Amino acid sequence: MADKAVPHFHNDIGVAVIHVGSREFMCIGALPPFDHPHVFLDMGADHEIICQYCSTLYRYRPSLKAGHADPDTCVWDDRTKAAAE
């Protein structure tokens, strides 16, 4: 299975802002099975974007590596779940 080319983030903990190291990513809302449709968000030249489904504010932070977030628990990796099963 190929690695995901596009990082996925969620706001299951309900923070006001998630800082991300990527300008293009997927928002899934909450953790499955309570996730919303996985939507692709592209900040373009902007530094922040709001998910139209869950209203999570994502703010670009260049000091973070691509695919990373602050808080780091907001990064979703479905391979972790699959490995545990």
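The notes below deal with the structure included here. These numbers were taken from a predicted model, which means no experiment stands behind them.

## Some details on the overall build of the protein chain
A tally of helices and strands in the protein chain yields one helix and eight strands. Starting at the N terminus, the α and β elements of the protein chain follow one another as β-β-β-β-β-β-β-β-α. In the protein chain, which comprises 85 residues, the share counted as buried stands at 35%. Counting only contacts in the protein chain whose residues sit at least 6 apart along the sequence, the fraction spanning at least 24 positions is 47%. Carbon and sulfur atoms make up 55% of the accessible area of the protein chain, which totals about 5300 Å².

## Remarks on the sheet that holds strand E4 (residues 39–42)
The four strands are arranged E4-E3-E1-E8 in an open sheet whose pairing can be described as mixed. Taken across any chain shown, the strands that pair with only one partner, and hence form the sheet edges, are E4 and strand E8 (75–76). Inspection of the sheet shows strand E1 (residues 8–9) paired to strand E3 (residues 24–27) by two bridges, in the parallel sense. Counted as the bridge partner of Phe-9 is Cys-27 from E3.

## Observations concerning the nonpolar core
Counting 13 residues, the largest nonpolar core has Val-20, Phe-25, Leu-41 and Tyr-58 as the members making the most contacts within it. Once residues within four sequence positions are removed from consideration, Val-20 is found in contact with Phe-9, Phe-25, Met-43, Tyr-58, Arg-59, Tyr-60, Arg-61, Leu-64, His-68 and Ala-69.

## Here we look at the packing of aromatic side chains
Inspection of the entire model under this criterion finds three aromatic pairs. With centroids separated by 5.3 Å and ring planes inclined at 70°, the aromatic side chains of Phe-9 and Phe-25 adopt a geometry described as edge-to-face. Placement of the pair is Phe-9 in strand E1 and Phe-25 in strand E3, with a sequence separation of 16 residues. We classify Phe-25 as buried; its relative accessible area is 0%. Clustering of aromatic rings is evident, with ring pairs tying together Phe-9, Phe-25 and Tyr-58.

Conventions adopted
Residues numbered from 1 in each chain as written. Predicted model: local features only at pLDDT ≥ 70, side-chain atom pairs only at ≥ 80, totals over all residues. Heavy atoms only, no water. Helix = DSSP H or I, 4+ residues; strand = E, 2+ residues; numbered from the N terminus. Buried < 20%, exposed > 50% of the residue type's maximum accessible area, 1.4 Å probe, protein only. Contact = heavy atoms within 4.5 Å. Areas by Shrake-Rupley, 256 points an atom, 1.4 Å probe, with all protein chains shown as cover. Pairing = 2+ DSSP bridges. Core = buried A, V, L, I, M, F, W, Y, C linked by side-chain atoms within 4.5 Å. Phe/Tyr/Trp six-rings, centres within 6.5 Å; stacked < 30°, edge-to-face > 60°.

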